[in-house]
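Architecture and fold: a report
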Amino acid sequence: QVQLVESGGGLVQPGGSLRLSCSASGRTFTMGWSRQAPGKDRAFVAAITRAATNTNYADSVKGRFTISKNNARNTVSLQMDNLKPEDTAIYYCATTADWATASSASSDYTYWGRGTQVTVST
């Protein structure tokens, strides 16, 4: 069993930055971030393989968000720059249960955190 705890969410103005972190207990493999905006389905944001050799981003965040991984600390982070109101959502961290690609499919992820709220507003 793997437990994931997200942190770093909050309120930020458009154009601002936030850094989300996810701390894991237990072995992790490919880790990813997804988000769910009010009234919408959960959507893929970014993923990174265990060795950090491959990353994958949703088109909507490419060039603005950066995912990184620290295997020694068993954490994954999401640096979010130039935030837009449409980035407002609950952000979830997840990990696969075995070696995997930097998948965008939520069905590939076995363990999920409870999420952290990100609000981009004036």
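Here, every reference points to the structure presented above.
Residues numbered from 1 in each chain as written. Predicted model: local features only at pLDDT ≥ 70, side-chain atom pairs only at ≥ 80, totals over all residues. Heavy atoms only, no water.

**Description of the pattern of salt bridges**
Pairs can form between side chains of opposite charge once their charged atoms are near each other. In plain terms, the rule: For this analysis, a salt bridge means a side-chain nitrogen from Lys or Arg found within 4 Å of a carboxyl oxygen belonging to Asp or Glu. Here a helix means four or more residues in a row that DSSP labels H or I, a strand means two or more in a row labelled E, and each is numbered from the N terminus. Exposure classes here rest on a 1.4 Å probe applied to the protein chains alone. A residue is buried below 20% of its type maximum, exposed above 50%, and partly exposed in between.
Across all of its chains, the model carries three salt bridges by this definition. One salt bridge connects Asp 87 with Arg 35, and the closest N-O pair in it is separated by 2.9 Å. In this pair, Asp 87 is assigned in the loop between strand 8 (75-80) and strand 9 (89-95) and Arg 35 in strand 4 (residues 31-36), connecting sequence segments 52 residues apart. Across the pair, Arg 35 and Asp 87 agree in class, each one buried. The salt bridge partner of Asp 59 is Lys 62, with a shortest N-O separation of 3.2 Å. Via salt bridges that share partners, Arg 35, Arg 64 and Asp 87 belong to a single interconnected network.

**Quick look at the state of the cysteines**
As a reminder, the rule being used: Defined by distance alone, a disulfide is two cysteine sulfur atoms within 2.5 Å.
On inspection of all chains with the given rule, the structure shows one disulfide. Here Cys 22 engages in a disulfide with Cys 93; their sulfurs sit 2.1 Å apart. Taking the sign of the torsion about the S-S bond as the criterion, the disulfide between Cys 22 and Cys 93, at about -80°, is left-handed. With Cys 22 in strand 3 (residues 18-25) and Cys 93 in strand 9, the pair connects residues that are 71 residues apart, well separated along the chain.

**Let's talk about the sheet that holds strand 3**
Two orientations exist for strands paired in a sheet by backbone hydrogen bonds: parallel and antiparallel. The test is simple: The criterion for strand pairing is that DSSP finds at least two bridges linking the strands in question. Comment: axis = line fitted to C-alpha atoms, over the contacting stretch for helices; angle = value between 0 and 180 degrees taken between N-to-C directions.
The sheet built from four strands is open, its strands ordered 1-3-8-7 with antiparallel pairing. Edge strands, defined here as strands with exactly one partner in the open sheet, are strand 1 (3-7) and strand 7 (65-70). Across this sheet, the average inter-strand angle for adjacent strands is 15°, counted without regard to direction. Note that strand 7 and strand 8 share six bridges and pair antiparallel. When the bridges of strand 8 are listed, Phe 65 appears paired with Met 80.

**Re empty space enclosed by the protein**
Going by this rule: Put simply, the grid is 1 Å and covers the protein atoms alone, a cavity is a trapped set of points that fit a 1.4 Å probe, a pocket is an open set with protein on both sides within 12 Å along at least five of seven lines, and lining residues have an atom within 4 Å of a point. Grid points are joined across faces, edges and corners, and a volume is the space filled by probe spheres set on the points.
Counted according to the given criterion, the structure contains one cavity of 30 Å³ or more. As for the largest cavity, its lining consists of Gly 32, Trp 33, Ser 34, Phe 44, Ala 46, Ala 94, Tyr 109 and Trp 112. Breaking the lining of the largest cavity down by element, the ones donating at least two residues are strand 4 and strand 5 (43-48). Considering each element in turn, the lining of the largest cavity owes the most residues, three residues, to strand 4.

**Observations concerning the environment of Leu 83**
Our working definition: Only heavy atoms matter for contacts: two residues are in contact if any of them lie within 4.5 Å across the pair.
With respect to the secondary-structure elements, Leu 83 resides in the loop between strand 8 and strand 9. The sequence separation of Leu 83 and Asn 70 amounts to 13 residues, and the corresponding C-alpha distance is 24 Å. Discounting chain neighbours no more than four positions away, the residues touching Leu 83 are Val 12, Pro 14, Gly 15, Gly 16, Ser 17, Leu 18, Arg 64, Phe 65 and Val 120.

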